[in-house]
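# Examining the three-dimensional arrangement
Now for the letters of each chain:
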Amino acid sequence: MGARSGRERWFAAVVLVGTSFGLAAPTGAQDARKAESELRGIESDTQQLLVDPLLTRNSRSATHVEERLTDGQLFYQLQDYVRASIILTDVVDNYPQHRAMPDALFLLGESLYSAGDYLGARTRFRQLISRAEESAFRPYAARSLGRLIEIAIKTRDFDGVEDYFEKLSRLPPQEVEAATTYFRAKYLYNKAVPTEDVTRGDSDLKTTTIDTQALDSARLAFEAVAESSPYFPQARYFVGVILTLQRQFPQAVEAFRRVLRAQATTPEHAQVIELAQLAMGRLFYETDQLDQAVEAYQSVPRTSKWFDAALYEIAWVYIRMGDSTRAERALEVLQIAAPESRYLADGSLLRGNLLLRNGNLEEAALVFKATVDKYGPVRQQLDQLIAEHADTKGYFRSLVRENMEVFDANSILPPEAVRFATEEAEMQRALSVLSDLSQARGLVKDTSDLIRRLDGAIRSPNAVNVFVDLRRQRQRTTAVRNRATALRRTLLAMEEKRAPASSGELAEIRAERHKLEASLADAPKNPEDFEKRDNDMLAGFKGLTRDISKLEVEILGMEARVVATDRFLVDTQDARTNSEGIAAMQNELVAQRGAISDYQKQIQELKFQLESGRLQVGVGDARYERDAEARTRYNALVDRERALLASQDRAGSPQVESMFRRMSAVESSLAKRDAEIDRVLAERAAEINQVLAAETTNVEGYKTQLAELETEAEDVIGGVTYASFVAVRARFYDLVLRADVGTIDVSWADREEHRMRVEILTRGRAREIRALDDEFQEIMDEPKSGDAQ
């Protein structure tokens, strides 16, 4: 009996324990096993998370510098030289002791050179040369010296070039590349001949003062360029130019022929060959070998950029040969084949004179009239501009100041006059300086915007997204918290089955908890969830970006309508007499331009805000903050619910209670990890804020320097622009004057033709009258028949 009672008590205890553990049914046992497995996974992930190191500085791979160098090389190959320069500057300035430093420094110099920043490139190449004695930098010494010489030629600043040559002389001959030899010779040539690069194909060289000794040295240097060198055609071309300047025409012709015998392997070689053909034509013309000159000019292909020069110059060869018909035909081809040629104006006048010489008066008159019709209005516009501004120089300075960002010749000259103005070397250099200033201003603005975006991102509540490693850590802690919340829900669902509540405080707590569970159901629990959630948010930003693009198109349309209306008012102002109405429309146009400018500024600010908002998408933003608040409230409700159950002697099973305690330990570990993440984030943010503050100071300094340069540019470039304007105005005056003279010549020739025809007719009539008089006299003098008898 006692034994039976013991077995019954044991069986009852087993049933009770099974019931309390939720294992009375197979489904409850399965839920408990799943919960235990999930909890172990949470604990394991938490332990793994805790052992991952958190670095004060952003963790980078061991090959970070090499990766940055590769990125710089990639952008250089893609011809994105500005971005390549930015990346390589980071490597050069921040890792000066790294083994990749020589490669990065040389590639940085090349990137700056290709971007047109010759002074910046010169600084970098000089840095490399200063360390040329080190074995790692030595392979780049010769190429750097060659680049420095080339930069001296382009900037025409030859200070220190002799030192470059002295350093070149100390290098082994096998290390001195062909390019360096060529540019050394070119330096000597540019020093001897103070003129623009002859490879532009100019028909005349403004060589007022030539250093004959330096010219001989340059010729010897060019002749030293080996035939296997890729610069051999260019070198032989310069030899021919030097011999031409020395009036050694036969030797010059032979030098150009050597250029023609070289095989064109690159587009540059093909251009040098075309230049050599053009130069031979000029030499043959100078030496009265006119047939050979015609052959040389005809060898210049139609696809050549100097084809128009060949046509214009071959016309003069035909004129010297006395073949005005072929000369006129060559100029006619020039007018058709190269309507934008700088030779077209002079060629048209020459063609008109040839037609006049050939007696084609009607066609010659049409040519001269077309010239006057084309260039006369331009001359009037230029004269009107002078008449409207008493201080013309001051007007051009104000133009430069007002159009500093987008200044070009079109802003001050009629379209027909732009081509003549931009042919002037001084004007080209002035526009190049303004272009460099505009680019520098744009880069400074981009830097300011970048600093502003970084500052906004660092100061945002979820600055953790700026750092990849910290963002991933925060995502992992958030995911574990969300998984723990889901596990609490599972355990509480098991408790609800055991201890239901239909009313009272417990029912209210459970109702509120169920609402929170619905809002937390979509909380991310793995990396894919985070990615999907953020992509959904970024899709909204893309939609806003499209809307802004549509607004930009509308603003462009508004701007185009304002410009068209303004042009209409200008073109038709002589046909209207309602000056008050015109003034009102012009005032309205001014107001519309101001509104458009305001809209453009607002759009730029909206773009900035969108970009800033896009950077803040991720763990820690408002969505995740709402999740965190819901989790905190949910956990508080769970604790309150469990406390109520315990007070009613309906506490959960030991296993469930153990699970809750273990999850509390996990939450505590996660809180410590998040605090550590916040500490590291604060340290990194402080470091970045220091850098941003320093860069902000630098940018302000750059802005000050740019303002000073712009003030200087306003005076210098304003003066250059005014001088170019005066030259262009004189050029158009000369063109119209010569065309008017041609028209007068045609009228005079027509008058002379009529006069000569009248004289011929008069003389013919006089001869006929004399003949009639003679015949009549003979008849009158003839004796009568009676008298004869």
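Structure's up top.
Residues numbered from 1 in each chain as written. Predicted model: local features only at pLDDT ≥ 70, side-chain atom pairs only at ≥ 80, totals over all residues. Heavy atoms only, no water.

### Considering the overall build of the protein
Note the threshold: Runs of E in the DSSP output that reach at least two residues are strands. Runs of H or I that reach at least four are helices, and both are numbered from the N terminus. Only protein chains enter the accessibility calculation, which uses a 1.4 Å probe; a residue whose area is less than 20% of its type maximum is buried, one above 50% is exposed, and one in between is partly exposed. Contact criterion: two residues are considered in contact whenever any of their non-hydrogen atoms come within 4.5 Å of each other. Working definition of accessibility: Shrake-Rupley area with a 1.4 Å probe, residue cover restricted to the visible protein chains.
Summing up its helical and strand segments, the protein has 28 helices and zero strands in all. A total of 789 residues make up the protein; the buried ones form 39% of that total. Long-range pairs, those at least 24 residues apart, make up 70% of the contacts in the protein between residues at least 6 apart in sequence. Entry remark: accessible area of the protein is about 44300 Å², with carbon and sulfur atoms responsible for 53%.

### A look at the packing of aromatic side chains
To be explicit about the condition: Any two rings among Phe, Tyr and Trp, with Trp reduced to its six-membered ring, count as a pair given centres within 6.5 Å; such a pair is stacked if its planes are under 30 degrees apart, edge-to-face if over 60, and tilted if neither.
Evaluation of the coordinates by the stated rule reveals 14 aromatic pairs. Pairing Tyr-182 with Tyr-231 gives two aromatic rings, centres 4.8 Å apart and planes at 15 degrees, and the pair type is stacked. Here the residue Tyr-182 occupies a position in helix 9 (residues 178-192), and Tyr-231 occupies one in the loop between helix 10 (212-223) and helix 11 (232-245), the gap between them amounting to 49 residues. Judged by relative accessible area, Tyr-231 falls into the partly exposed class, the value being 23%.

### Looking at the side chain of Asn-462
Tracing the chain through its elements places Asn-462 in the loop between helix 21 (425-459) and helix 22 (468-498). A relative accessible area of 4% places Asn-462 in the buried class. When neighbours within four sequence positions are excluded, Asn-462 is seen to be in contact with Gln-616, Val-617, Gly-618, Val-619, Gly-620 and Asp-621.

### Re a nonpolar patch on the surface
Selection criterion: Patch membership needs two things, relative accessible area over 30% and no salt bridge, and members are linked within 9 Å if like-charged or within 5 Å if nonpolar (Val, Leu, Ile, Met, Phe, Trp, Tyr). The rule for a salt bridge is simple: a side-chain nitrogen of Lys or Arg has to be within 4 Å of a carboxyl oxygen of Asp or Glu.
Taken together, the side chains of Val-82, Ile-86 and Leu-443 make up a nonpolar region of the molecular surface, amounting to roughly 240 Å² of accessible area. Position of Leu-443 among the secondary structure elements: in helix 21. Overall, the relative accessible area of 38% leaves Leu-443 in the partly exposed class.

### Observations concerning the pattern of salt bridges
Under the criterion given, the structure shown has 54 salt bridges. Here Glu-150 and Arg-147 are joined by a salt bridge, their closest N and O atoms 2.8 Å apart. Placement of the pair is Glu-150 and Arg-147 together in helix 7 (residues 141-155), with a separation of three residues, close to one helical turn. Because the salt bridges share partners, they merge into one network encompassing Arg-474, Arg-481, Arg-488, Glu-667, Asp-674 and Asp-678.

Take it as geometry only, folks, not as evidence of what the structure does.
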